[in-house]
Amino acid sequence: MNYEISIDRVVDMFSTLAGEVNAAESALFCRSAADTVAGWLDKSKDLSGNDYKISYAAAVMAYYRYCLKSTGESVDFKAGDITVREHKDERLRVAEQLLKDAIHSIETLFYNKRFAFMSVLGKAE
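Asks: What is the right way to read the nonpolar core from this model?
Replies: Side chains that are nonpolar tend, in soluble globular proteins, to be buried together. Phe14 and Ile54 are the most contacted members of the largest nonpolar core, which has 35 residues in total. When residues of this core are traced back to their parent elements, those giving at least two are helix H1 (7-18), helix H2 (23-40), helix H3 (51-69) and helix H4 (88-106). Excluding residues that lie within four positions of it along the chain, Phe14 makes contacts with Gly19, Val21, Ser26, Cys30, Ala59, Ala62, Tyr63 and Tyr66.

Dropping the structure here:
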C-alpha cells in the first residue's frame, strides 16, 4: 500500500509547537522527521485512518530535533511590557516526553523489529 505523510500537515503541527521558525529550517526538520517515521511504518497495514497520529509523530520528532539543535540557550519573548524567559533545557525535556508519547501512540503501525536468534540443540547421545 502506498502511503505518504503530508508534509504540509507536519509543518503546520511543527509551527504550532515551535512558534516562529525560519520556513526553510522548519521544512528541513519536518521532511527529515517525516522520512524517518515513514521508514518505520509497515506499509502492508492500513495506515490511512492514522494520518493525524502519524503526522503528529513526525511533527513532534521535528520539534525534538529542533530543540536539540538549540539546547542551552535561553529564549526571550516580549509582549508589550512583559518579557518571558524560557530555558531550552526545559523545552527539550518536554519535547522528549511528547516524542515518546507520540511514538508510543503509533508503534503498532511499525514493522516488527524484534529479532531472536535461537538455536536448537539435539539430544546428546
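Asks: Teacher, can you tell me more about the pattern of salt bridges here?
Replies: Side-chain pairs of opposite charge can arise whenever the charged atoms involved come near each other. Taken as a whole, this structure holds four salt bridges when the rule is applied. Of the charged contacts in the structure, one is a salt bridge between Lys69 and Glu25, with a shortest N-O distance of 2.9 Å. With Lys69 in helix H3 and Glu25 in helix H2, this residue pair connects regions lying 44 residues apart in the sequence. Exposure remark for Lys69: the relative accessible area of 53% places this residue in the exposed category. Ionic pairing is found between Arg31 and Asp35, a salt bridge with its closest N-O pair at 3.7 Å. Highlighted residues: Arg31 and Asp35, both in helix H2, separated by four residues, approximately one helical turn. The class of Arg31 is partly exposed, set by a relative accessible area of 39%.

Here is what the cut-offs are and how they apply
Each chain carries its own residue numbering, running from 1 in the direction its sequence is written. Where totals are concerned, whole chains, interfaces and linings use all residues; where local detail is concerned, this predicted model gives features only for residues with pLDDT of at least 70, and gives and counts side-chain atom pairs only at 80 or more. The side-chain numbers reported here are obtained from all heavy atoms of the structure, hydrogens and water having been left aside. Residues grouped as a nonpolar core are buried Ala, Val, Leu, Ile, Met, Phe, Trp, Tyr and Cys residues, joined through side-chain atoms within 4.5 Å. For every residue, the accessible area (1.4 Å probe, protein chains only) is compared with the maximum for its type, and the residue is labelled buried under 20%, exposed over 50%, or partly exposed between those bounds. Labels follow the DSSP assignment, with helices taken as runs of H or I lasting at least four residues and strands as runs of E lasting at least two, numbered in each case from the N terminus. Here a residue-residue contact requires only that any non-hydrogen atoms of the pair lie within 4.5 Å. By definition here, a salt bridge exists when the distance from a side-chain nitrogen of Lys or Arg to a carboxyl oxygen of Asp or Glu is within 4 Å.

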